[in-house]
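Summary of structural features
Below, each chain spelled out in residue letters.
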Amino acid sequence: MHARLLSAPSPASTAAASFSSLPSAGARPRRASWKPRGPASATSPPALSLRARAAMQPAAPLPQGQGGSPVHGVSNKVVGVLGGGQLGKMLCQAASQMGIKIVILDPLQDCPASSVCHEHVVGSFNDGDTVREFAKRCGVLTVEIEHVDAATLAKLEEQGVDCEPKASTIMIIQDKYRQKKHFSKFGIPLPDFMEVDTLNSIEEAGERFGYPLMVKSKRNAYDGRGNAVAQKKEELSSVVASLGGFEHGLYVERWTPFVKELSVIVARSRDGSTVCYPVVETIHKDNICHVVEAPAEVSDKIKKSATGVAEKAIKSLEGAGVFAVELFLTEDDQILLNEVAPRPHNSGHHTIESCYTSQYEQHLRAILGIPLGDPLMKAPAAIMYNILGEDEGEAGFFLAHQLIERALNIPGASVHWYAKPEMRKQRKMGHITIVGPSKTSVKSHLDKLLQRDTYTPKKASPRISIIMGSDSDLRVMKDAENIIKKFNIPVEITIVSAHRTPERMYEYAKSARDRGVEVIIAGAGGAAHLPGMVASLTCLPVLGVPIKTKSLSGLDSLLSIVQMPKGIPVGALAIENAENAGLLAVQMVGARDSELLDKVAKYRDELRDMVLEKAERLENLGWEEYLK
């Protein structure tokens, strides 16, 4: 890979350049300082290694590339990226799989993306002349950092340069106060905010919003930088001073007592179509994203609301690409937008291993006009852990490498090391993604990675629910719980009467799915209506266990279950065989959990071995001695 210093062009060279004549991926650069990493020619297109899904076939006929040349791979367009950090590096890695050439502009000779891009131009993405010269070599221009020269991008767009997302979007995002004003115009739910430029105005904001009061810089604020909290009026002056003073550009937000921070990655193509990735939860440490859990453990209603807010926000902006929408979930289940990033994002790193289409491949698809990929998760659960610098210099590298060594011994773990040359405290140096069959599994692996042997997790949400109409049914239904606990599956057991507490039954059945329940086991006693009534209120599978009564010995319950009308199925077990109901529920939960099904197979093997052991003993002793 050849990195070249890029100086500002002379007036003569600027006048001679033409934005309408852009090079194809196979064409040689115009200047000697732009040598590609390896040999390339128009007749030898890059190798293509793109994971394709049947539903994502390109439209025929194939489009024409730059200069009217036919497309021999995914795209002939050279993608120019402003910024060469870790996001740029992962974007280049995705491009390599697709046979797309990426040229990056970054001031650091050894930036993370420099080792994997097609070309690295050493220069500032905040210098207008440098960006203009860089743009001449690109078929489409995009960003991996929003702190770029947006004014120059706007002028380039006027001259026909293809920038995605648009300069107008970058300008809105760069100024967080402007961003808030923009989204408020489109009815996006936000925390209350106001601009402050004097001590009187910020004191007025404190009186209006109360304390604690969040004070933020309008520009160049990220990873907790540029934010400060005033706990009381007397702290306002020092907080303002810590952020560079009012001349630096400040605004305030009402303090949001959120219960979770959520994020949604939204991709929008050039034709305006959008796809949304599953909602994730982000967990921060010192205002820096530390852990991302996918999918978020919130109700379907909240997921739908979060996705709706995110999609509406992105549709109010211009241009194609991947956008990250950070959200607050409040105590009263309201979704508020925190901020938006017009690029791939930390909260989407997990998509490389956990989704059918990574956010990086998706960004390339979006800006090039290739059909958007499937954003859904191909793994049931994933967790992403940021490797943050724990110490300065070599001591920090040593601690990070110890963590990586442990990660390499954990099933389902993938290590991403950004190869930054300098270690600093709290600097993002890499990340580890763990995928697995369940959230419980990946969290357990994370605990092992972090050596949290004494860590006591909060009580897990039940995956299987056992209900009965009366405590008299408990003598039977306890067998279901006993078998489920053998497999370490979170389970709940309670009394829900279809006749004495119909309101409770209704609320219980309606809320089960949102609480994480996957299967319901219902004991059917004298009235025998509980399994069917619950099944009519939920789409979750319901297993009915008939329980003997004094009058009809459970036959009435069995017949009630097996004669459910079409469209409302209930699984019927043998009379009083709650143990089998529990085992069947375990197998249903394990349908996408290979570790759990392995445990079921082991349990079956133990039953087989027990029978064989009895057979051998009977054959050796004879039945008379065996019965003794």
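Structure: see above.
Residues numbered from 1 in each chain as written. Predicted model: local features only at pLDDT ≥ 70, side-chain atom pairs only at ≥ 80, totals over all residues. Heavy atoms only, no water.

Across a sheet, paired strands are connected by hydrogen bonds in the backbone, their directions being either parallel or antiparallel. Taken together, five strands build an open sheet; the order of strands is 20-19-21-22-23 and the sheet is parallel. Looking along the sheet, the strands with just one partner apiece sit at the ends: strand 20 (491-495) and strand 23 (571-572). Of the pairings in the sheet, the one linking strand 19 (residues 464-468) to strand 21 (residues 519-524) comprises four bridges and is parallel in character. Bridge pairing links isoleucine 467 to alanine 522 in strand 21. Strand contacts of helix 15 (residues 502-511): strand 19 and strand 20, with the helix running at about 165 degrees to strand 20, the strand carrying the most contacts. The sheet strands contacting helix 17 (residues 555-562) are strand 21, strand 22 (542-546) and strand 23, and the helix crosses strand 22 at an angle near 160 degrees. (Pairing = 2+ DSSP bridges. Helix = DSSP H or I, 4+ residues; strand = E, 2+ residues; numbered from the N terminus. Contact = heavy atoms within 4.5 Å. Axes fitted to C-alpha atoms, helices over the stretch in contact; angles between N-to-C directions.)

Now for helix 11 (residues 359-368). For helix 11, the tally of buried residues reaches ten of ten residues, placing the bulk of the element in the interior. Glycine 369, located one to two residues past helix 11, shows a positive phi value of around 80 degrees. (Buried < 20%, exposed > 50% of the residue type's maximum accessible area, 1.4 Å probe, protein only.)

Here we take up the sheet that holds strand 9 (residues 250-254). Spatial strand order, 6-9-7-8: four strands in an open sheet with antiparallel pairing. If you trace the sheet from one side to the other, it starts and ends with strand 6 (193-196) and strand 8 (227-230), each paired once. Between one strand axis and the next, the sheet turns through 30 degrees on average, direction left out of account. Strand direction decides the pairing type here: strand 7 (residues 213-217) and strand 9, joined by five bridges, are antiparallel. By the bridge assignment, leucine 213 is partnered in strand 9 with arginine 254.

Here we come to the side chain of serine 269. Position of serine 269 relative to the elements: it lies in the loop between strand 10 (258-268) and strand 11 (274-276). When its relative accessible area of 8% is taken as the criterion, serine 269 is described as buried. Ignoring any residue separated from it by four or fewer positions in sequence, one finds serine 269 in contact with Ala320, Ala366, Gly369, Ile370 and Leu372.

Now for the pairing of strand 7. Most of strand 7 sits out of view: five of its five residues are buried. The two faces of strand 7 match: Leu213, Val215 and Ser217 on one face and Met214 and Lys216 on the other face are all buried. Two elements, strand 7 and strand 8, share four bridges in a ladder whose sense is antiparallel. Within the sheet, the bridge partner assigned to leucine 213 lies in strand 8 and is alanine 230.

Another aspect to go through is the pattern of salt bridges. On inspection of all chains with the given rule, the structure shows 30 salt bridges. In this structure, the salt-bridge partner of arginine 343 is glutamate 146, at a minimum N-O distance of 2.5 Å. Here arginine 343 is found in the loop between strand 15 (335-341) and helix 10 (351-354), whereas its partner glutamate 146 is found in the loop between strand 5 (140-143) and helix 4 (150-158), with 197 residues between them in sequence. Neither arginine 343 nor glutamate 146 differs from the other in exposure class; each is buried. Each of Lys77, Asp162, Glu164, Lys166 and Arg270 takes part in one network of salt bridges that share partners. (Salt bridge = Lys/Arg side-chain N within 4 Å of Asp/Glu carboxyl O.)

Within the structure shown, the criterion is met by five aromatic pairs. Ring geometry for tyrosine 177 and phenylalanine 193: centres 5.9 Å apart, planes at 75 degrees, overall edge-to-face. Residue tyrosine 177 is located in helix 6 (residues 176-185), and its partner phenylalanine 193 is located in strand 6; the two are separated by 16 residues in the primary sequence. Here the aromatic rings of phenylalanine 487 and tyrosine 603 are separated by 5.7 Å at their centres, their planes lie at 65 degrees, and the arrangement is edge-to-face. Of this pair, phenylalanine 487 sits in the loop between helix 14 (474-485) and strand 20 while tyrosine 603 sits in helix 19 (residues 594-621); the two residues are 116 residues apart in sequence, bridging distant segments of the chain. Over the ring of tyrosine 508 we find arginine 515; its NZ or CZ atom is 5.0 Å from the centre of that ring. (Phe/Tyr/Trp six-rings, centres within 6.5 Å; stacked < 30°, edge-to-face > 60°. Lys NZ or Arg CZ within 6 Å of the ring centre and 35° of its normal.)

Below, the discussion takes up the packing of helix 18 (residues 578-589) against helix 19. At a minimum axis distance of 8 Å, the contact between helix 18 and helix 19 shows a crossing angle of 145 degrees. For the pair helix 18 and helix 19, the sense of crossing is left-handed. Contacts between helix 18 and helix 19 pair Glu579, Leu583, Val586, Gln587 and Val589 from the former with Leu596, Leu597, Val600, Tyr603 and Arg604 from the latter. When its residues are assigned to classes, the contact of helix 18 with helix 19 shows seven nonpolar, one polar and two charged. (Left-handed = near helix turned anticlockwise from the far one by under 90°. Nonpolar A, V, L, I, M, F, W, Y, C, P; charged D, E, K, R; others polar.)

What follows is about the packing of helix 3 (residues 128-135) against helix 4. Helix 4 packs onto helix 3 with a crossing angle of 40 degrees between their chain directions and a minimal axis gap of 9 Å. Considering their axes alone, helix 3 and helix 4 lie oblique with respect to each other. You can see that helix 3 and helix 4 cross each other, and the crossing is right-handed. Residues Gly128, Val131, Arg132 and Ala135 of helix 3 touch helix 4, and the partners they reach there are Thr152, Leu153 and Leu156. The class makeup of the residues in the contact of helix 3 with helix 4 is four nonpolar, two polar and one charged. (Parallel < 35°, antiparallel > 145°, perpendicular 65-115°, else oblique.)

These figures capture arrangement, not role.
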